[in-house]
Amino acid sequence: MVGRVELREALADPRVRLGVGIAALLATAGVVHRDRVGVLEAGTFRAVNGLPDALYPPAWAVMQMGAFGAVPASAAAAWRAGDGELAARLLLSGTSAWAAAKLVKQVVRRPRPVALLPGSRCRGREAAGLGYLSGHAAVAVALGAAALPRLGPKARAFALTAMPVVGLTRLYVGAHLPLDIAGGAALGLAANAAADLLLVSR
């Protein structure tokens, strides 16, 4: 049985993260359908999507950590803090995750929840385009994975919490289904690993 320390050490290797990310991406893409949603996935979506409207303001704020604007913002913060290497990792990881998400969407072509599940609630501006996968989840994980090695215990705990919560906010606002989030997280991990390998090879 692999212990927590061994798993952490394995994931510190960008080649392992790249392999895990690609494998998870292919696994989620392979089970989604363009015309229907599985019972478990639908139930999970409805449980989060049906939460009270009062949660929207904080959910919206958390959701911005996965928006493309978070990429230059986080890179600029790292640069101002004097960590140019981290700034480069954040910029490359986040941008590549965002761009790759656009490409994967066109390959899989899964619609948004509102087109697949009657009664889906859309909060805020209705998301346009395709559902699988979540660009917000991809960006959040890519940025989080890039920042983790530089963070202290409290900041690391916050980042590890924020990454999945960003995905949950996308279910809450009705923009994505659970497998969209899982696929986005996998892509974000792979994008960060690829960026690390690229920067190390320079």
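Overview of the structure. Nothing here was measured: the structure is a model prediction, and the numbers come from that model.

Conventions we followed
Residues numbered from 1 in each chain as written. Predicted model: local features only at pLDDT ≥ 70, side-chain atom pairs only at ≥ 80, totals over all residues. Heavy atoms only, no water. Axes fitted to C-alpha atoms, helices over the stretch in contact; angles between N-to-C directions. Helix = DSSP H or I, 4+ residues; strand = E, 2+ residues; numbered from the N terminus. Parallel < 35°, antiparallel > 145°, perpendicular 65-115°, else oblique. Contact = heavy atoms within 4.5 Å. Nonpolar A, V, L, I, M, F, W, Y, C, P; charged D, E, K, R; others polar. Salt bridge = Lys/Arg side-chain N within 4 Å of Asp/Glu carboxyl O. Buried < 20%, exposed > 50% of the residue type's maximum accessible area, 1.4 Å probe, protein only. Polar contact = N/O pair within 3.5 Å; in protein donor to acceptor, adjacent residues only side chain to side chain. Core = buried A, V, L, I, M, F, W, Y, C linked by side-chain atoms within 4.5 Å. Arc of directions from axis to C-beta.

A word on the packing of helix α3 (residues 39–49) against helix α9 (residues 153–172)
Following both chains from N to C, one finds α3 and α9 inclined at 85°, their axes separated by 7 Å at the closest point. Of the possible angle classes, the one that applies to α3 and α9 is roughly perpendicular. Of α9, the residues touching α3 (which contributes F45, V48 and N49) are L168, L171 and Y172. Classifying every residue of the contact of α3 with α9 gives five nonpolar, one polar and no charged.

Topic: the pattern of salt bridges
The full count for this structure, using the stated rule, is 11 salt bridges. With a closest N to O distance of 2.9 Å, D13 and R15 form a salt bridge. On the basis of relative accessibility, which here comes to 61%, the residue R15 falls in the exposed class. Across the pair R89 and E85 runs a salt bridge whose closest N-O atoms are separated by 3.0 Å. Of this pair, R89 and E85 both sit in helix α6 (residues 84–108), four residues apart, which is roughly one turn of that helix. Through salt bridges that share partners, R17, D83, E85, R89, R150 and D196 make up one connected network.

Remarks on the side chain of R17
One can find R17 in helix α2 (residues 14–31). Judged by relative accessible area, which is 8%, R17 ranks as buried. Engagement of the side chain of R17 in a polar contact is seen with the side chain of D196, the distance being 2.5 Å.

Some details on the nonpolar core
In this structure, V37, F45, L117, L171, Y172, V173 and L177 are the most contacted members of the largest nonpolar core, which totals 15 residues. Listed by contribution, the elements that provide at least two residues to this core are α3, α4 (56–63) and α9. For this core, the leading source of residues is α3, giving three residues. When near neighbours in sequence (up to four residues on either side) are disregarded, V37 contacts A42, R110, L116, L117 and L177. Counting 13 residues, the second-largest nonpolar core is a separate cluster that includes A138, A142, L187 and A191.

Let's talk about α3
Taken together, the buried positions of α3 are E41, A42, F45, V48 and N49. Down the axis of α3, the buried side of the element spans an arc of 135°, and every buried residue falls inside it. Opposite the packed face of α3, turned more than 90 degrees from it, sit the exposed residues V39, L40 and A47.

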